[in-house]
Amino acid sequence: MEAITSGLVLLFQLGPLLWLTVGLVAGFFVGVLPGFAGSSAAAVLLPFTIRLETENALLLLGGIYAGASFAGGVPAILINVPGTGSAAATALDGYPMAQQGKGALAIGLARTASSIGGIIGGVITLLVIGPMAMFAVRFGPAEMFLIAVFGLTIIATVVGEQVWKGLLAGVLGMLIAVMSADPITARARFDMGFLGLYDRVPFVPAIIGLFAITQMVMIAGQGRFVVTESRGGESRKDLLDGIMITLRKIPMVIRSSVLGTLIGAIPGAGTAVATFFAYGVAKQRSNHPETFGTGEPEGVIAAEGAENACAAGTLVPTLALGVPGSGTAAVMLAALYVHGIQPGPRVLVQNAPEAYALLWGMILASILILPIGILFASPLIAITRVPPKTLVPVVLVACMVGAYAMRNSLFDVFLTLAFGALGIAMRLNGYPIIPMVLGLILGPMAESNFMRALMLGNYTVNYFFETTIAKVLTVLLIFSIAPSVRRALKKRRSRTDAATTATSPQG
Amino acid sequence: MEDVDDKPLVTSTQRFAGELLFLAAIVVYGVSFYRSMDGLREIARAFPLFALALLCLLVILNLIGATRRWVSARHGAGGPGGLLVGLGRNLARGRSSIIVFVSLGAFTWLIPRLGFFTAQAAFLTALGFGLGVRPRWRLGLLVGGTVIVSYLLFSTLLGVRLPSGLLL
């Protein structure tokens, strides 16, 4: 308890508060740019934090993390260009809402759910970081592999109309992700002679290409952006309505936030898994699952509530195990090392004030983000009223810089274009993009754990199902696919019956 | 996420052909991946082989699905339509999309040759003109404004070292 309060005392000083706010505002604006996710912004600012006090540096990066997580939902809602993989879940219902002229309402929902999610996630993390770290340690390679497969199947089955198309997109994504050298022997595999593919397929160009480039090309073809009717005067009212709707759905926000925090605490699982998982659970528990994907407010609430909660949850493995839970958490881990802090179970004893100040900072950031978000909402909503012929070129330039900036590599720019072409081919043929993105995220995690599990289990399959956690995950995996397959079969049977009736002479 | 407008291929035969082409490309990718792993240790091949097996199964399932949809469309109202019916019209409708993608390709090619900002100016001018940004002062404003803002934001504020080339 003393350690927790020491963090609070450290946070409520001028310097830490100032750096947290700076990080928050910076993260908010950077998060809106496609590709400039929290990890990119934090990576760019990392060298500048060396001169800062440890707690200030951590709070600056923590603020960026919270701000970018929060802002990533804005372009996802307004122009269907999620800045991060996790914001892709927000786009599923947020973008259809914007198309219906409810962009401000969707942003209001996202803001409030994100803010509440961040507070809940922060409080849970603060209270249970110790026990949660112990639980996360129990996830061995087999469990981590099953988590990856489970994350993929649940998304592939909830996105799009045809289950097999979603699953194919997901597996293809996984396969693209493991084109690089294998993680154990470091031998090159399918790198096609490109050095840029030896390490691993970079995630930022892939997501920019698949989402942003594809979306911009499609928008240019359609000749319209999002809304067809102006609703400028109603923006603020819609925002407030969004806040009220979210407050009325507080049990769902709590459920998504708890899920987000728990998934965030699993090393490597990341926010994308958390948001899609929360979205899938919300859809499965909903009384009207068919409305998900068509502009359902609950979809936005579930995804956003989980995202910010997950941002707090990822700090559990980062601080307690030294294993980053996400890209931004990886940059924060680097910042810890730069400032001479050795992450691991002892960090909560040896550097308790700094560690707990960071967790308190995440809670405070979630509180501050709501007024900041409302303050800057109107200029962002104005994006929807800019004609596509003006906005498409500008967004494309930002995309290309975003793709380049992560590794200062022109190869990544070419890769973005290649992924853009792949995304267009997929969309034209009705294959959903989101499972592919998730496959790209989870592929390396799935492979390294698959290999470790194989070696530990002496190349037997039984090892994958030995522990209770693995058994539970396997059951969940089967349950995640079964309803979708049953639904698809039922739909096909009814279509066949209808066709038979139509073609029969009596029909 | 996907709009109905994503499908400019209007006839069922065109859709079927498009999907066949897509699935064939995946098969080619899968075979190339498999062949690239010759000589690797078993452990390095294990996961890609597992994923490739899954991919094969899913390609077959999707192929069956696509064929079923095509066959049922043949028997449905209106018939399947030909492979070339309305293709020219649809390509003309997607003219802007083609302009965007080609300009983007040219932009990417020009960056290492002209430098980022010069290539960006050329890209914005060509794309803005192609998409119909008029009058000229508005096009100039779009190009000039974007180049200046991106320089200030990315180069100055965020410190991204964008490639320099022939001019800048």
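Residues numbered from 1 in each chain as written. Chains lettered and ligands numbered in written order. Predicted model: local features only at pLDDT ≥ 70, side-chain atom pairs only at ≥ 80, totals over all residues. Heavy atoms only, no water.

## Brief notes about the overall build of chain A
For chain A, the count of helices and strands is 23 helices and zero strands. Relative to its full complement of 507 residues, chain A shows a buried share of 63%. In the structure as shown, chain A presents an accessible area of about 18000 Å², 66% of it carried by carbon and sulfur atoms. (Helix = DSSP H or I, 4+ residues; strand = E, 2+ residues; numbered from the N terminus. Buried < 20%, exposed > 50% of the residue type's maximum accessible area, 1.4 Å probe, protein only. Areas by Shrake-Rupley, 256 points an atom, 1.4 Å probe, with all protein chains shown as cover.)

## Some words on the overall build of chain B
Regarding its fold elements, chain B presents six helices and zero strands. Overall, chain B shows an N-to-C arrangement of helices and strands of α-α-α-α-α-α. The proportion of buried residues among the 168 residues of chain B is 40%. A total accessible area of about 9100 Å² is found for chain B, and carbon and sulfur atoms account for 69% of it.

## Description of helix α4 (residues 95-114) of chain B
Counted at 1.5 Å a residue, the expected span for α4(B) with its 20 residues is 28 Å, and the 27 Å between its end C-alpha atoms agrees. Of the positions making up α4(B), those classed as buried are Ser96(B), Ser97(B), Val100(B), Ser103(B), Leu104(B), Phe107(B), Thr108(B), Ile111(B) and Leu114(B). Looking at the buried residues of α4(B), the elements they touch are α10 (203-222), α20 (388-405) and α21 (410-428) of chain A together with α5 (116-131) of chain B. Directly after α4(B), the chain includes Gly115(B), whose backbone phi takes a positive value near 95°. (Expected span 1.5 Å × (residues − 1). Contact = heavy atoms within 4.5 Å.)

## Some remarks on the environment of Leu428(A)
With respect to the helices and strands, Leu428(A) occurs in helix α21. In this structure the C-alpha to C-alpha distance between Leu428(A) and Gly7(A), which are 421 residues apart in sequence, comes to 52 Å.

## Some words on the packing of α20(A) against α21(A)
In a pair of packed helices, the angle between the axes and the distance between the axes together describe the arrangement. All names here are of chain A. Interaxial distance between α20 and α21 falls to 7 Å at its minimum, and their mutual angle equals 130°. Relative to α21, α20 is oriented oblique. In terms of crossing hand, the pair formed by α20 and α21 is right-handed. From α20, Met-400, Ala-403 and Tyr-404 reach across to α21, where they touch Leu-410, Asp-412, Val-413, Thr-416 and Leu-417. (Axes fitted to C-alpha atoms, helices over the stretch in contact; angles between N-to-C directions. Parallel < 35°, antiparallel > 145°, perpendicular 65-115°, else oblique. Left-handed = near helix turned anticlockwise from the far one by under 90°.)

## Observations regarding the packing of aromatic side chains
In the structure shown here, the tally under the stated rule is 20 aromatic pairs over all chains. For the ring pair Phe107(B) and Phe116(B), a centre distance of 5.7 Å and an interplane angle of 55° mean the geometry is tilted. Owing to a relative accessible area of 1%, Phe107(B) belongs among the buried residues under this scheme. An angle of 70° between the planes, with centres 5.4 Å apart, marks the rings of Phe117(B) and Tyr151(B) as edge-to-face. Taken as a pair, Phe117(B) in helix α5 and Tyr151(B) in helix α6 (residues 136-157) lie far apart in primary sequence, 34 residues in all. Connected via pairs of aromatic rings, a cluster forms that spans Phe145(A), Phe450(A), Phe464(A), Phe465(A), Phe47(B) and Phe50(B). Over the ring of Tyr431(A) we find Lys165(A); its NZ or CZ atom is 4.9 Å from the centre of that ring. (Phe/Tyr/Trp six-rings, centres within 6.5 Å; stacked < 30°, edge-to-face > 60°. Lys NZ or Arg CZ within 6 Å of the ring centre and 35° of its normal.)

## Side note on the nonpolar core
One finds Ile176(A) and Leu396(A) to be the most contacted residues of the largest nonpolar core, which totals 152 residues. For this core, the element with the most residues is α10(A), which contributes 13 residues. Not counting chain neighbours up to four residues away, the residues in contact with Leu396(A) comprise Ile213(A), Met216(A), Val100(B), Leu104(B), Phe123(B) and Leu127(B). (Core = buried A, V, L, I, M, F, W, Y, C linked by side-chain atoms within 4.5 Å.)

## Comments concerning the confidence of the model for chain A
With 81% of its residues at a pLDDT of 70 or more, chain A has an overall mean of 79. Confidence, read as mean pLDDT per element, is least for helix α3 (residues 38-45) of chain A in chain A (62) and greatest for α21(A) (92). (pLDDT = per-residue confidence, 0-100.)

## Topic: the pattern of salt bridges
All names here are of chain A. Counted according to the given criterion, the structure contains four salt bridges over all chains. Glu-447 is paired through a salt bridge with Arg-189; the nearest N and O atoms lie 2.5 Å apart. Of this pair, Glu-447 sits in helix α22 (residues 434-456) while Arg-189 sits in the loop between α9 (163-177) and α10; the two residues are 258 residues apart in sequence, bridging distant segments of the chain. Arg-189 shares its class with Glu-447; the two are buried. Between Glu-298 and Lys-249 there is a salt bridge whose closest N-O contact spans 3.1 Å. Pair noted here: Glu-298 is in helix α14 (residues 297-313) and Lys-249 is in the loop between α11 (235-248) and α12 (250-264), with a separation of 49 residues, a long-range link. For Glu-298, a relative accessible area of 10% gives the class buried. Given the relative accessible area of 27%, Lys-249 is considered partly exposed. (Salt bridge = Lys/Arg side-chain N within 4 Å of Asp/Glu carboxyl O.)

## Describing the interface of chain B and chain A
Across the contact, 66 residues belong to chain B and 77 residues belong to chain A. Summing the contributions of chain B and of chain A, the shared interface buries around 6300 Å²; its carbon and sulfur component is 75%. The partner of Lys165(A) in a salt bridge is Glu19(B), and the shortest N-O contact between them spans 3.8 Å. At the surface where chain B touches chain A, the tally comes to eight residue pairs in polar contact (both at pLDDT 80 or more). Contributions of two or more residues to the side of chain B that touches chain A are made by α1 (12-36), α2 (42-75), α4, α5 and α6 of chain B. Here the element with the most residues in the side of chain B that touches chain A is α2(B); it accounts for 17 residues. Per-class residue counts for the side of chain B that touches chain A are 41 nonpolar, 13 polar and 12 charged. (Buried area = accessible area lost by both parts, 1.4 Å probe. Polar contact = N/O pair within 3.5 Å; in protein donor to acceptor, adjacent residues only side chain to side chain. Nonpolar A, V, L, I, M, F, W, Y, C, P; charged D, E, K, R; others polar.)

## Some points on α21(A)
Helix length check: α21(A), at 19 residues, gives a terminal C-alpha distance of 28 Å against a target of 27 Å (1.5 Å per residue), a fit within 8%. All buried positions along α21(A) are accounted for by Phe411(A), Asp412(A), Val413(A), Leu415(A), Thr416(A), Leu417(A), Phe419(A), Gly420(A), Gly423(A), Ile424(A), Met426(A) and Arg427(A). On its buried face, α21(A) is in contact with α9, α10, α20 and α22 of chain A together with α1 and α4 of chain B.

## Overview of unusual backbone geometry
Comment: phi is negative for the bulk of residues other than glycine, and the bulk of peptide bonds are trans. The step from Arg134(B) to Pro135(B) runs through a cis peptide bond, and the omega angle for that step is -5°. Take Pro135(B): it is sitting in the loop between α5 and α6. Backbone geometry places Met192(A), a non-glycine residue, at a positive phi of 55°. Checked against the element boundaries, Met192(A) lands in the loop between α9 and α10. Of note, the phi angle at Asn458(A) is positive, near 55°, even though the residue is not glycine. Along the chain, Asn458(A) turns up in the loop between α22 and α23 (468-503). Given the relative accessible area of 64%, Asn458(A) is considered exposed.

## Description of the environment of Gly173(A)
Among the structural elements, Gly173(A) can be located in helix α9. Residues Gly173(A) and Gly295(A), 122 residues apart in the sequence, show an inter-C-alpha distance of 26 Å.

## What to know about the packing of helix α1 (residues 2-11) of chain A against helix α18 (residues 352-375) of chain A
Residues and elements named next belong to chain A. One way to put it is that α1 packs onto α18 with a least axis distance of 7 Å and a crossing angle of 65°. Considering the angle they form, α1 stands roughly perpendicular to α18. Remark: the crossing between α1 and α18 carries right-handed chirality. Facing α1, whose interface residues are Ala-3, Ile-4, Ser-6, Gly-7, Leu-8, Leu-10 and Leu-11, α18 presents Ala-352, Pro-353, Glu-354, Tyr-356, Ala-357, Trp-360, Gly-361 and Leu-364. Along the lines of polarity and charge, the residues of the contact of α1 with α18 split into 11 nonpolar, three polar and one charged.

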